[in-house]
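Chain by chain, the residues:
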Amino acid sequence: MSESTDSVQTTSAISASRGGAQRAGVPSMEAVSASVSRETLDAFSSLSADGGSPLANEMIATERLRRELEQSDFPRPPRTRIFAVSNQKGGVGKTTTTVNVAAALAKRGANVLVIDADPQGNASTALGVEHRSGTPSIYDVLLDDVPMHKVAQRCPDVPTLWCVPATIDLAGADIELVSVVRREFRLHDALIDLLDGHGKRLDYVFIDCPPSLGLLTLNAMVVAQEILIPIQCEYYALEGLTQLIRTVDMVRKHLNKTLEVSTIVLTMFDGRTNLAREVAHEVRNHFPAQTLEQTIPRSVRVSEAPSHGQTVITHDPHSSGAVAYTAVAREIAKRGAAAFNEGELQ
C-alpha cells in the first residue's frame, strides 16, 4: 500500500479554546487523569470510599480501566473481519467510532484498514491522510476500477493502520453508480481483490458509511460480514434503527446471506441523565447479544482530536474517551475470537 507524503493541515481553534479554559483554572477530567500517579490514585480511592465526588470517582474508574487494558489480550482473528459501520441518522458518532476502534486495534498490533465511504471525508481527516480534491480515493476504486492498494495511505501515527480516503468527488457517486454494471458489488470486487493480494494480512476492515441508505452504504453491506451500529443515547437515535435493521434483512436475503448485525455501541452516554439510562436499557432489551457492555462517554478530547488530524487514541490516550474506545476494541476482539471458536463466523 502506498503512503501519503503530504501532511494534513489542521486547525488550532479548539486547542486554543481548550488552553483558554485551562488557563482559567478549569482543567478537564482527562487532563487530570493523565497526570494521576499511583499514589494519588490510591489517595483518591480512599476518599472515594468515604463518598468522594462523582468527578473523582469517574477519574479513578477511567484510570483503573486504562491500566487493566494495558495488561489485556486483544486476540487477532484467524481471518479478516469486515465491518460496515452504519447508521442513517447523522451525528451519532459513526465516524468517530470507526476511526477510534480501528486505531485502538492497530495500536495493539492488528493490521487494520479503514475505507472512508462518506463523501464528507471525516474519517480521512481524523486519520491524518490526504484527501483533497484530486487525491486518488475510493471514488476512483468504485468508478474507474483503480486497485485499492494504489489509493490506500498509511496513517502517520499508527504504522499498522491504513486508510482509503474519500474526497468531495464521492458526493455524486450514488447517482453515477446507478448505470454501472454490478453497481452493488463494486466495493465487494475491489476489496476481495485486495484481500487476495496486497491486503491478505489484514485483520480488520472498517467501512465508514455515509448517513444514508443509498448505493454507497449498500456497497458496504454487500461486502461486509458484520454491521457495527453506533447509537447515540438520545430518543431520536432509536427511531431509525428499525429501518436500518429492515435494510440489513433485505441485503441478507437478496445480496449477502452472511451479513449480520454483530455489534451495537452506545455513544455519547451520560449516566447522570435518566434519558441516557432509559435509551441504553431499551437498546439492551431489544439487542442483548449485540450491544457491548462498554459505553462511550461524552468527551471533549474525542471531539477535538480530528482538528489535529488524529484519533483520540493517539491524541490523548489517557482520556476517558480513548480508554472507552480501547475497551470497545477489546470487547470486539474477544467477541470475535469467541465466535470463531464456536464456528459462528464462517
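The structure displayed is predicted, hence computed values, not measured ones.

K.L.:
Would you mind going over helix H9 (residues 186-196) with me for this structure?
P.N.:
Three or four residues apart is the spacing at which side chains of an α-helix point the same way, because the helix has 3.6 residues per turn. Every buried residue belonging to H9 is among Arg186, Leu187, Ala190, Leu191, Leu194 and Leu195, and all of these are buried. Axial view of H9: buried residues confined to an arc of 150°, hence all on one face. For H9, the exposed residues lying more than 90 degrees away from the buried face are Asp193 and Asp196. On the buried face of H9, the contacting elements are strand S1 (81-85), strand S2 (112-116), helix H7 (138-144), strand S5 (204-208) and helix H10 (215-223).

K.L.:
Help me out: how do you make sense of a nonpolar patch on the surface in this one?
P.N.:
On the surface, a cluster of nonpolar side chains totalling about 360 Å² of accessible area is made up of Tyr235, Tyr236 and Leu275. Looking at where Tyr235 falls in the secondary structure, it is placed in the loop between strand S6 (226-232) and helix H11 (236-239).

K.L.:
It is not clear to me how unusual backbone geometry should be interpreted in this structure. Could you clarify?
P.N.:
Trans peptide bonds make up most of the peptide bonds, and negative phi angles are found at most residues other than glycine. Phi is positive for Arg182, close to 55°, though the residue is something other than glycine. Mapping Arg182 onto the fold places it in the loop between helix H8 (173-176) and H9.

K.L.:
Can you help me understand H10 in this one?
P.N.:
Burial analysis of H10 places 9 of its 9 residues in the buried class, which makes it a mostly covered element. Taken as a whole, H10 has its buried residues at Leu215, Leu216, Thr217, Leu218, Asn219, Ala220, Met221, Val222 and Val223.

K.L.:
Would you take a moment to explain the nonpolar core for this structure?
P.N.:
Among soluble globular proteins, nonpolar side chains are generally buried collectively. Core analysis: the largest hydrophobic core is formed by 55 residues, its most contacted members being Leu113, Ile115, Ile138, Met148 and Leu191. Examining the composition of this core, we find that 6 residues originate from one element, H10, more than from any other. Sequence-distant contacts of Met148, that is, excluding residues within four places in its chain, are made with Leu113, Ile115, Ile138, Val141, Val164, Leu187, Ala190, Leu191 and Leu194. Core analysis: the second largest hydrophobic core is formed by 42 residues, Leu105, Val112, Cys163 and Ile332 among them.

K.L.:
Could you clarify how one ought to interpret the pattern of salt bridges in this entry?
P.N.:
Here the idea is simple: oppositely charged side chains can pair when their charged atoms come close. In the structure shown here, the tally under the stated rule is 18 salt bridges. A salt bridge links Arg182 to Asp189, with the shortest nitrogen-to-oxygen separation between them at 3.0 Å. Taking the relative accessible area as the measure of exposure, Arg182 reaches 45% and is therefore partly exposed. With a shortest N-O distance of 3.8 Å, Arg335 and Glu331 are connected by a salt bridge. Of the two residues, Arg335 and Glu331 both sit in helix H16 (residues 320-342), 4 residues apart, roughly one turn of that helix. The exposure class assigned to Arg335 is partly exposed, which follows from its relative accessible area of 28%. Residue class for Glu331 comes out buried when judged on its relative accessible area of 15%.

K.L.:
Please explain the environment of Asp118 as it appears in this structure.
P.N.:
Take Asp118: it is sitting in the loop between S2 and helix H6 (122-126). With 94 residues separating them along the chain, Asp118 and Ser212 place their C-alpha atoms 9.6 Å apart. Not counting chain neighbours up to four residues away, the residues in contact with Asp118 comprise Lys94, Thr95, Ala166, Leu170, Asp208, Cys209, Pro210 and Pro211.

K.L.:
Looking at this model, I keep getting lost on the packing of aromatic side chains. Mind explaining?
P.N.:
The geometry of two aromatic rings is summed up by the distance between their centres and the angle between their planes. In total, this model carries 2 aromatic pairs according to the counting rule given. A ring pair is formed by Phe83 and Phe206, whose centres lie 5.1 Å apart and whose planes are at 10°; its orientation type is stacked. Of the two residues, Phe83 sits in strand S1 while Phe206 sits in strand S5, which places them 123 residues apart along the sequence. Both rings, one in Tyr204 and one in Phe206, keep their centres 6.0 Å apart while their planes meet at 15°; by these two values the pair is stacked. Across the pair, exposure class does not vary: Tyr204 and Phe206 are buried alike. One aromatic cluster is present, formed by Phe83, Tyr204 and Phe206 through successive ring pairs.

K.L.:
What should I look at first to understand the environment of Val248 in this one?
P.N.:
Take Val248: it is sitting in helix H12 (residues 241-254). The residues contacting Val248, other than those within four sequence positions of it, are Met221, Ile227, Leu259 and Val261.

K.L.:
Help me understand the sheet that holds S2, please; the structure alone is not making it clear to me.
P.N.:
Either a parallel or an antiparallel arrangement is found when strands of a sheet pair, and the pairing is made through backbone hydrogen bonds. Pairing in this open sheet of 7 strands is mixed, and the strands run S3-S4-S2-S5-S1-S6-S7 from one edge to the other. Where the open sheet ends on each side, the last strands, each with one partner, are strand S3 (153-154) and strand S7 (260-267). The sheet contacts of H10 involve S1, S5 and S6, and relative to S1 the element is tilted by about 155°. Against the sheet, helix H13 (residues 274-286) makes contact with S6 and S7, and its axis sits at roughly 170° relative to S7, the strand it touches most.

K.L.:
Got a minute to help me understand the packing of H10 against H12 in this structure?
P.N.:
Helix-helix packing is described using two parameters, namely the angle between the two axes and the distance between the axes. It is the contact of H10 with H12, at a shortest axis distance of 10 Å, that shows an interaxial angle of 55°. Relative to H12, the element H10 lies oblique. Two packed elements cross with a definite hand, and for H10 against H12 that hand is right-handed. In this structure, H10 uses Leu218, Met221 and Val222 to contact H12, whose residues at the interface are Leu244, Thr247, Val248 and Val251.

K.L.:
Would you mind showing me how to read the packing of H9 against H10 here?
P.N.:
Close contact between H9 and H10 brings their axes to 7 Å; oriented N to C, the two are set at 45°. Between H9 and H10, the angle is such that the two are oblique. Between H9 and H10 the crossing geometry is right-handed. Counting all contacts with H9, which are made through Arg186, Leu187, His188 and Leu191, the residues of H10 involved are Asn219, Ala220, Val222 and Val223.

Rules and cut-offs
- Residues numbered from 1 in each chain as written.
- Predicted model: local features only at pLDDT ≥ 70, side-chain atom pairs only at ≥ 80, totals over all residues.
- Heavy atoms only, no water.
- Buried < 20%, exposed > 50% of the residue type's maximum accessible area, 1.4 Å probe, protein only.
- Helix = DSSP H or I, 4+ residues; strand = E, 2+ residues; numbered from the N terminus.
- Arc of directions from axis to C-beta.
- Contact = heavy atoms within 4.5 Å.
- Patch = residues over 30% accessible without salt bridge, like charges linked within 9 Å, V, L, I, M, F, W, Y side chains within 5 Å.
- Areas by Shrake-Rupley, 256 points an atom, 1.4 Å probe, with all protein chains shown as cover.
- Salt bridge = Lys/Arg side-chain N within 4 Å of Asp/Glu carboxyl O.
- Core = buried A, V, L, I, M, F, W, Y, C linked by side-chain atoms within 4.5 Å.
- Phe/Tyr/Trp six-rings, centres within 6.5 Å; stacked < 30°, edge-to-face > 60°.
- Pairing = 2+ DSSP bridges.
- Axes fitted to C-alpha atoms, helices over the stretch in contact; angles between N-to-C directions.
- Parallel < 35°, antiparallel > 145°, perpendicular 65-115°, else oblique.
- Left-handed = near helix turned anticlockwise from the far one by under 90°.

Interpretation note: all reported values are geometric properties and have no functional meaning in isolation.
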